[in-house]
Each structure stands twice: as C-alpha cells, then as structure tokens.
Amino acid sequence: MLAFEDNQNICIGTIENTSSSPVYLSSGTSPVPPHLPRLHPLKPSPLLSPSNSFLPPIDSQLRNNLLDLPRCGFPRNLSSSNSCSSCWNCGSVGPTSGAFLACGSCGAVQPVDSSVDYFQIFGMKKMYEIEEGDLEGIYKDWQKKLHPDLVHSKSEKEKGFAAEQSARVIDAYRTLKNPLSRALYLLKLEQIHVDEEKTVSDPDLLMEMMEMREAVEEAKDTQSLYEIQSKVKKKLDSWSNSFKEAFSKQDFDSAVNCTQRMKYYERALEEITKKL
Amino acid sequence: MLRLALKRSLRLGPAVSDTPSAAMVASRGYHERVVDHYNNPRNVGSFDKEDPNVGTGLVGAPACGDVMKLQIKVDEDSGKIVDACFKTFGCGSAIASSSVATEWVKGKQMEEVLTIKNTEIAKHLSLPPVKLHCSMLAEDAIKAAVKDYELKKAKAAPKQE
C-alpha cells in the first residue's frame, strides 16, 4: 500500500506490478474499491489521524519519497517520457509503454488511438514470431475492461469508446492469431504495399496450386483429404519460416512472395475443411 | 435494367458457397448471369497440354488465392480458335468470368481475342468494383493462352523445315 499527498487529497493506492504503475486516485467521481476507505476532499484524511487503527502508520521516509510523486501519480523520471496521454475522466496519465485503452486509475474507457498498433495492444514486440498461446489470455483481460456489455451504466460517450476499442481489440486478436494475417499486417506496418490486382503467371507455382486444388476436389474419402491436409500444412509451415527469415533480413520482395504462397495454401486448407 | 442489376450486385457478399440458389440472387446480389454461369458452366474441362494445337493459359490472383486455367484449340491453317475450355478455382465471379471468356473466344481469330477487355466481361456480368480483378484475371488468361500457343508454334516451326 502506498499513500501520497497533493493539494487536495491524500490518496491511498496500490501499485500494480507493471512498469506503468498506475496509482489509484480517489477523486469525487470515480468509484473507490470497497476495501479502501472513502476519502472526502475536505475532511482530514484518516491517514493523518493518530487514532487511525486500520491503516499502518506511514513511515516518514516513505512519505517523503511519495511526496516526490507528481499529481499524476508517477515518479518524475518516468513522466518526462513522450506521449503521455491522460484520461479524459480523471486526468491521470496513461502508461508510458503499452496501449492506453482503459484508464488504470478510474477504469474509464479511452477513445481509440489509431497510432497504437496491434502489437502494442497485446504488449508484444513487433515481429512475426509471437507467443500465440498468450494471445487469448490478454484478449480476454482487455475485453473484461472494454466490452460494451460491461459499460452499460456509463455515459453514451464512454459506451461509444467501449464499442470502438472492443472492436479494435477483436481485430487485433484475429490479425495476430493467424500467421498469414500477422505477416501481412507486419508488411503493412512497414509500409510495403502489396498490389492486390496484379495477376501472377509463375507456371510452377500455379501448376502446383492447380494440381493441389484438383486433388482436393477429386479426393474420394476423408483419409485422402487428411493426407493432403497434412502435406499442405507442412508446406505452409515451411513458407511461414521463409517469411520469418526474409522479413528479418528486410528482404521484402521475398517476404511478399512468401505471403502469396501462404495465401494459396491457406485457400487449399479452407477447401479441405469445407469438404471434411 | 442494367442499373438495377448493378445496384443489386453492389451488395455482393464474399465468395460464393457450395450451394448457389435463387436465394443467392435475392440476398447477396450476384447478377443472374454470374449465377447462371456458376450453375450451368460452359466449357469446363481440359485439353491435352501437349497437343500442338492447344494453347494453355495459367494465371493466378495471389490476393484471393484464385487459380485460372484457360485452354484454346486453334485450327492451324486458319488461325481460328475452334474450341476452348477452362478450369477455375475461385469465387463465383472468377468462375463466371472465365466461362464467359471461353464462350467469347470460340470462333474468333487469335488476334481478335487479344482485344477482349476485362471491362467488357465485367460489364456483361455486372461485376461490382470489388470483383473487377476477376475479369482482369480472365483477360490475362486469354492472353496467356494465345502466347503459349504461339510459343509452341515457334518452337515447332524450325523442326518442320
């Protein structure tokens, strides 16, 4: 538990174990968790009262350190970093790293900032190889804070923010979960424009795809379909690795080529799934 | 009437499912001609690739993973296309575009078919803007087939002399 003092309130908060360390501010309008005492701006804080029995006495050293915290509740050296957007509701500053989708202090959903990319929303590095298993957990955590169904008691403005943020998080989740869409998104972030209209006439590639699709169509039973499916999946994986290499070397032409192949294999897999 | 069909087809949804029906026209807005070509495809099939009178055009659209094969059978003496067939893996619009292409090239001279424009195919099928690349694919397939035939002819010619 921490406490700090500003002009009006002495606030009690808990430090979460993220680098952004939002501190809970008790203002007049935002809800106070039940386990913390409700503070009135004008009444003296129970913290200062010597008869306070339910709070541990504040160490003077700790108090001095905490008084160094600026109004927004962050240590000064952190708050000097760039792009500190603040909450429209309580004014507390957003995290210095990571996406500011909902205020850590008052819980208010923030308007969509489209400069925040999908990787930032999930707190992941902007690269092809990610921990796909982590995606679902982070996704659900965000939806607990952002989903429109959970903000039905809030203002129209906030409901609107929630709808947009929630939709954006869903897009981010879907894009990052599927390797091909993740690859295409990475290329997009690098400003590599893939000309969708252009036709390709690489005979080897097309012949292979033609034969693959024909095999799927002519497959007589599920066994043969599964066989084809595993072959196609292997090829998809191998081209996925090729993309990873090409992208890390910034060889964007090869990277685009890889995504095109991946698209064809994915298409074949879709057809197999339909047939199964 | 064309405008009405265009309006309807502008509500075009994603790629066609396996079971097209009258409902498709009403709810998704595919033009009647596209549905017709999908349900009653003309000229689906394959010619022998090795046949010297056959030109094979194989093209693909990487954005949607479509593959289109268009083959022409050319009469050696007159240079006229006597038969054509196609095989397309893709959406309804792509299938319809290639089907239309095979119909249009039959009975025409090779030089003539090179002037077939994707915009004509698109107009004929009332394709919405998002599906224009399918007609482009068909145009490219025709050109590729003609090119392939001419390459074959050029390779074969020295042997005959």
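Under an unreviewed UniProt entry, the name given to chain B is Iron-sulfur cluster assembly protein, and the organism recorded is Rhynchospora pubera. According to its UniProt record, chain B has this under Subcellular location (unreviewed entry): "Mitochondrion matrix". Per its UniProt entry, chain B bears the Cofactor (unreviewed entry) comment "[2Fe-2S] cluster".

Going by the annotation in an unreviewed UniProt entry, the name recorded for chain A is J domain-containing protein, with Rhynchospora pubera given as the source organism. Per UniProt, chain A carries the Sequence similarities (unreviewed entry) text "Belongs to the HscB family."

Visitor: Explanation requested: the overall build of chain B in the structure shown.
Guide: Within chain B, the regular secondary structure consists of 7 helices and 3 strands. Going from N to C terminus, chain B has its helices and strands arranged as α-α-α-β-β-β-α-α-α-α. Burial analysis of chain B (161 residues in total) assigns 48% to the buried set. Considering only contacts within chain B whose residues lie at least 6 apart along the sequence, 56% involve residues at least 24 apart. As presented, chain B carries roughly 7,700 Å² of accessible surface, and 55% of it is formed by carbon and sulfur atoms.

Visitor: What is the right way to look at the sheet that holds strand β3 (residues 81-89) of chain B in this model?
Guide: The strands making up a sheet are joined through hydrogen bonds of the backbone, oriented either antiparallel or parallel. An order of β1-β2-β3 (chain B) is seen for the 3 strands of this open sheet, with the pairing classed as antiparallel. On the outer flanks of this sheet lie β1 (54-61) and β3 of chain B, each paired with one strand and no other. With strand direction ignored, the average angle separating the axes of adjacent strands in the sheet is 15°. Here 8 bridges tie β1(B) to strand β2 (residues 66-74) of chain B, and the two strands are oriented antiparallel to one another. Directly across from B:Gly55, in β2(B), lies its bridge partner B:Ile72. Most of the contacts of helix α7 (residues 203-218) of chain A go to β3(B), to which it runs at about 75°, and overall it touches β1, β2 and β3 of chain B.

Visitor: Honestly, the packing of helix α8 (residues 222-248) of chain A against helix α9 (residues 252-275) of chain A in this entry has me stumped. Any pointers?
Guide: In helix packing, the relevant descriptors are the interaxial angle and the interaxial distance, both defined with respect to the helix axes. Residue and element names in this part refer to chain A. Close contact between α8 and α9 brings their axes to 9 Å; oriented N to C, the two are set at 160°. When the axes of α8 and α9 are compared, the pair comes out roughly antiparallel. Two packed elements cross with a definite hand, and for α8 against α9 that hand is left-handed. Split into classes, the residues belonging to the contact of α8 with α9 amount to 16 nonpolar, 6 polar and 5 charged.

Visitor: What exactly am I supposed to notice about the packing of helix α4 (residues 92-105) of chain B against helix α6 (residues 118-125) of chain B here?
Guide: All names here are of chain B. In the contact formed by α4 and α6, the axes pass within 10 Å of each other and the chain directions differ by 110°. When the axis of α4 is compared with that of α6, the two are roughly perpendicular. The chirality of how α4 crosses α6 is right-handed. Contact residues: α4 offers Ala 96, Ser 97, Val 100 and Trp 104, while α6 offers Glu 120, Ile 121, His 124 and Leu 125. Per-class residue counts for the contact of α4 with α6 are 5 nonpolar, 2 polar and 1 charged.

Visitor: In this structure, what is going on with the interface of chain B and chain A? I would like to understand it.
Guide: Between chain B and chain A, the residue contacts involve 20 residues of the former and 20 residues of the latter. Across the pair A:Glu214 and B:Lys87 runs a salt bridge, and its minimum N-O distance is 3.2 Å. Connecting chain B to chain A are 7 residue pairs in polar contact (both at pLDDT 80 or more). Elements with a minimum of two residues in the side of chain B that touches chain A: β1, β2, β3 and α7 (132-160) of chain B. No other element matches the 4 residues that β1(B) contributes to the side of chain B that touches chain A.

Visitor: Just checking my understanding: could you explain the pattern of salt bridges for this structure?
Guide: Once the charged atoms of two side chains with opposite charge are near each other, the side chains can pair. All names here are of chain A. A full pass over the atoms with the stated rule returns 17 salt bridges over all chains. For the salt bridge of Lys 235 with Glu 208, the shortest nitrogen-to-oxygen distance reads 3.0 Å. Of this pair, Lys 235 sits in helix α8 while Glu 208 sits in helix α7; the two residues are 27 residues apart in sequence, bridging distant segments of the chain. For Lys 235, a relative accessible area of 36% puts it in the partly exposed group. In this structure, Lys 274 engages Glu 271 in a salt bridge whose closest nitrogen and oxygen atoms are separated by 3.4 Å. Here the residue Lys 274 and the residue Glu 271 both occupy positions in helix α9, the gap between them amounting to 3 residues, near one helical turn. On the accessibility criterion, Glu 271 (18% relative accessible area) is buried.

Visitor: Could you clarify how one ought to interpret the side chain of B:Thr88 in this entry?
Guide: All names here are of chain B. For Thr 88, the position within the fold is in strand β3. At 2.8 Å, the side chain of Thr 88 and the side chain of Ser 98 are in polar contact. Setting aside residues up to four positions removed in sequence, Thr 88 forms contacts with Val 67, Met 68, Ala 94, Ile 95 and Ser 98.

Visitor: How should the nonpolar core be read in this particular structure?
Guide: Side chains of a nonpolar character, in soluble globular proteins, are inclined to be buried together. All names here are of chain A. Counting 56 residues, the largest nonpolar core has Ile 121, Phe 122 and Phe 243 as its most contacted members. Looking at this core, the element that brings in the most residues is α9, giving 10 residues. A domain split of this core shows at least three residues from each of domain 2 (79-177) and domain 3 (203-275). If we ignore the near neighbours within four places in the chain, the residues touching Phe 122 are Leu 135, Ile 138, Tyr 139, Val 169, Ala 172, Tyr 173 and Leu 176.

Each value, and the rule that gives it
- Residues numbered from 1 in each chain as written.
- Chains lettered and ligands numbered in written order.
- Predicted model: local features only at pLDDT ≥ 70, side-chain atom pairs only at ≥ 80, totals over all residues.
- Heavy atoms only, no water.
- UniProt positions renumbered as here; feature names shortened; annotations may be inferred.
- Helix = DSSP H or I, 4+ residues; strand = E, 2+ residues; numbered from the N terminus.
- Buried < 20%, exposed > 50% of the residue type's maximum accessible area, 1.4 Å probe, protein only.
- Contact = heavy atoms within 4.5 Å.
- Areas by Shrake-Rupley, 256 points an atom, 1.4 Å probe, with all protein chains shown as cover.
- Pairing = 2+ DSSP bridges.
- Axes fitted to C-alpha atoms, helices over the stretch in contact; angles between N-to-C directions.
- Parallel < 35°, antiparallel > 145°, perpendicular 65-115°, else oblique.
- Left-handed = near helix turned anticlockwise from the far one by under 90°.
- Nonpolar A, V, L, I, M, F, W, Y, C, P; charged D, E, K, R; others polar.
- Salt bridge = Lys/Arg side-chain N within 4 Å of Asp/Glu carboxyl O.
- Polar contact = N/O pair within 3.5 Å; in protein donor to acceptor, adjacent residues only side chain to side chain.
- Core = buried A, V, L, I, M, F, W, Y, C linked by side-chain atoms within 4.5 Å.
- Domains from an automatic or database assignment.

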